[in-house]
Amino acid sequence: MPDFQYTAREATGSQVTGVLTAASERDALTALAGMRLFPMRIGLAETEKAQQKHVGRRVAPKYLSVFYTQLADLLKSGVPLMRSLELLERKSPNATLRMVIGEVRGEVSNGKLLADAMSQHPKVFGELAISMVRAGEEGSFLEDVLKRIADFTEHQENLKSRVVGAMVYPFFLMGMGGIVVTGMLVFFVPKFKDMFDSMSARGSLPWATKTLMSLSESLKEYGLAGLLILGGAGFFLYRALQTDEGKTRFDLFRLRAPALGPIVRSLAIARFCRILGTLLKNGVPILQSLRIAKDASGNRVLSDAIGKASESVQSGKALAKPLSASGEFPEEVVEMISVGEEANNLEQVLIDIADNMERSTWRQLEMLVRLLEPVLLTIMAAIILFVVVALLTPILQSSGMV
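Report follows, based on the coordinates. (Residues numbered from 1 in each chain as written. Predicted model: local features only at pLDDT ≥ 70, side-chain atom pairs only at ≥ 80, totals over all residues. Heavy atoms only, no water.)

### Some remarks on a nonpolar patch on the surface
Logical step 1: A surface patch of nonpolar side chains, about 410 Å² in accessible area, is lined by Met 195, Ile 384, Val 388, Leu 392, Ile 395 and Leu 396.
Logical step 2: Per-element accounting of the nonpolar patch gives the leading share, five residues, to helix 17 (residues 346-398).
Logical step 3: Residue position: Leu 392 is located in helix 17. (Patch = residues over 30% accessible without salt bridge, like charges linked within 9 Å, V, L, I, M, F, W, Y side chains within 5 Å. Areas by Shrake-Rupley, 256 points an atom, 1.4 Å probe, with all protein chains shown as cover. Salt bridge = Lys/Arg side-chain N within 4 Å of Asp/Glu carboxyl O. Helix = DSSP H or I, 4+ residues; strand = E, 2+ residues; numbered from the N terminus.)

Put into structure tokens, the structure is as follows:
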């Protein structure tokens, strides 16, 4: 509950100040009345104001990566969880993360699991991190899981930095090119309307120029309405993606998307295989391991497929066959799982699958990023070339040069 700072008068008329804890300002006023104090001023304490300032804010991945790494190191060194959280709360350089760690520590001290306490802050800790921490707590390998989350978070941040660094130049050029082309269509091209109309009446206007003029007129008449429609569509799409059905559809789209789909699928399957293999290696029964690991994929479609596979395993069937029947797992992965089950070393096979898929996927992703830059530049050059040709061709025709 929050702390309230108050200034009040006693029945004798003397002024007092203090701090009390209450669920709301009304409860604080009731408490003061019970103490026979007459409030003059009441409000949130300075510490509570500082906390309110950071409520709902996100934390940069670089701070989260450091937090996961340090917590893993402290736990591995034998420092108890509560003491580790207390140390990290004091050391964290990020105010929002410092506040969140304090709240997580309070929840853990009240008997909650670390994963459940983290789940109270969905804007700071992602679903994947919470699922993996829950797996680590249930499988008694929390330190390894925290280290894996730190590595994954750092990988994602490095990849994001590489992608942003590679795309800054082409996107800047495309942005400036888009502004220039839009400005030409709205302000410059209409100045040629009379000349182009006369050429069109004679039947000598090229198709490219006709297309350009149509685009210019449409942009002038419907440009603002188009922006409003796009903004409304974006808002409704965002709201739809907050529902369970919307999240499932979006995860399905990510798996089916050209170029990016195989990368998303490989990373999700690699995470699932690594968590499942680690759970089995630490002696967790396979049904319990599947229940925990199915959410580690970070994709609802794959989680549903794994959930159905676990039902088949519960009835005595092998894991490979229902995974293959789902159609969501590559045949080579299913074949390796089948071999691991037959050889009774499934846990090691799953970890090997994760290692191989991660290495292969990172290579594919780097290649995609490298290809994206020249593709964007080519598209931008083609658009500008089209505008220039559409404007110059009729001028050159009228002057007899073409």
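### Brief notes about unusual backbone geometry
Logical step 1: Although it is not a glycine, Asn 344 sits at a positive phi angle of roughly 60 degrees.
Logical step 2: Topologically, Asn 344 is positioned in the loop between helix 16 (331-343) and helix 17.
Logical step 3: Under the relative-accessibility criterion, Asn 344 is labelled exposed at 68%. (Buried < 20%, exposed > 50% of the residue type's maximum accessible area, 1.4 Å probe, protein only.)

### Things to note about the packing of helix 11 (residues 244-256) against helix 14 (residues 300-314)
Logical step 1: Packing of helix 11 against helix 14 leaves a shortest axis separation of 7 Å and a crossing angle of 95 degrees. Taken together, the axes of helix 11 and helix 14 are roughly perpendicular relative to one another. Across from Asp 244, Lys 247, Thr 248, Asp 251, Leu 252 and Leu 255 in helix 11, the residues of helix 14 making contact are Arg 300, Val 301 and Leu 302.
Logical step 2: Residues that form the contact of helix 11 with helix 14 fall into these classes: four nonpolar, one polar and four charged. (Axes fitted to C-alpha atoms, helices over the stretch in contact; angles between N-to-C directions. Parallel < 35°, antiparallel > 145°, perpendicular 65-115°, else oblique. Contact = heavy atoms within 4.5 Å. Nonpolar A, V, L, I, M, F, W, Y, C, P; charged D, E, K, R; others polar.)

### Describing the nonpolar core
Logical step 1: Core analysis: the largest hydrophobic core is formed by 65 residues, its most contacted members being Phe 67, Tyr 68, Phe 125, Leu 319 and Ile 337.
Logical step 2: Here the element with the most residues in this core is helix 12 (residues 260-281); it accounts for nine residues.
Logical step 3: Sequence-distant contacts of Tyr 68, defined by excluding residues within four places in its chain, comprise Met 118, Phe 125, Ala 129, Leu 146, Ile 149, Ala 150 and Thr 153.
Logical step 4: Phe 192, Ala 208, Met 213 and Val 387 belong to the second-largest nonpolar core, a separate cluster that totals 13 residues. (Core = buried A, V, L, I, M, F, W, Y, C linked by side-chain atoms within 4.5 Å.)

### Focus on the packing of aromatic side chains
Logical step 1: The full count for this structure, using the stated rule, is six aromatic pairs.
Logical step 2: By way of ring pairs, the aromatic residues Phe 67, Tyr 68 and Phe 125 are connected into one cluster. (Phe/Tyr/Trp six-rings, centres within 6.5 Å; stacked < 30°, edge-to-face > 60°.)

### Details of the side chain of Thr 7
Logical step 1: Relative to the helices and strands, Thr 7 resides in strand 1 (residues 3-9).
Logical step 2: Ignoring sequence-local partners within four residues, the contact set of Thr 7 consists of Gln 15, Val 16, Thr 17, Pro 39, Met 40 and Arg 41.

### Some points on the environment of Val 284
Logical step 1: In this fold, Val 284 is placed in the loop between helix 12 and helix 13 (286-293).
Logical step 2: Separated by 146 residues in sequence, Val 284 and Glu 138 have C-alpha atoms that sit 8.5 Å apart.
Logical step 3: When sequence neighbours within four positions are dropped, the list of residues in contact with Val 284 reads Gly 139, Leu 279 and Ser 289.

### Describing a negative patch on the surface
Logical step 1: A surface patch of like charges, here negative, comprises Glu 331, Glu 332, Glu 335 and Glu 342.
Logical step 2: On the accessibility criterion, Glu 335 (49% relative accessible area) is partly exposed. (Lys, Arg positive; Asp, Glu negative; His and termini not counted. Charge placed at Lys NZ, Arg CZ, Asp CG, Glu CD.)

### Some words on the pattern of salt bridges
Logical step 1: Enumeration over the complete set of coordinates arrives at 13 salt bridges.
Logical step 2: For Arg 83, the salt bridge goes to Glu 86, with nearest N and O atoms at 3.9 Å. Here Arg 83 and its partner Glu 86 are both found in helix 4 (residues 81-91), three residues apart, which amounts to about one turn of the helix.
Logical step 3: A relative accessible area of 39% places Arg 83 in the partly exposed class.
Logical step 4: Ionic pairing is found between Arg 90 and Glu 86, a salt bridge with its closest N-O pair at 3.5 Å. Taken together, the positions of Arg 90 and Glu 86, both in helix 4 and four residues apart, correspond to about one turn of that helix.
Logical step 5: Exposure remark for Arg 90: the relative accessible area of 54% places this residue in the exposed category.
Logical step 6: Connected through shared salt-bridge partners, Arg 83, Glu 86 and Arg 90 make up one network.

### Notes on helix 16
Logical step 1: Compared with an ideal rise of 1.5 Å per residue, which puts 13 residues at 18 Å, helix 16 spans 18 Å between its outermost C-alpha atoms and is within 8% of the ideal.
Logical step 2: Among the residues of helix 16, those classed as buried are Val 333, Val 334, Ile 337 and Gly 340. Seen along its axis, helix 16 keeps its buried residues to an arc of 120 degrees; they face one direction. Exposed residues lying more than 90 degrees from the buried face of helix 16 are Glu 331, Glu 332, Glu 342 and Ala 343.
Logical step 3: Tucked into the core, helix 16 has its buried residues touching helix 12, helix 15 (320-326) and helix 17.
Logical step 4: Directly after helix 16, the chain includes Asn 344, whose backbone phi takes a positive value near 60 degrees. (Expected span 1.5 Å × (residues − 1). Arc of directions from axis to C-beta.)

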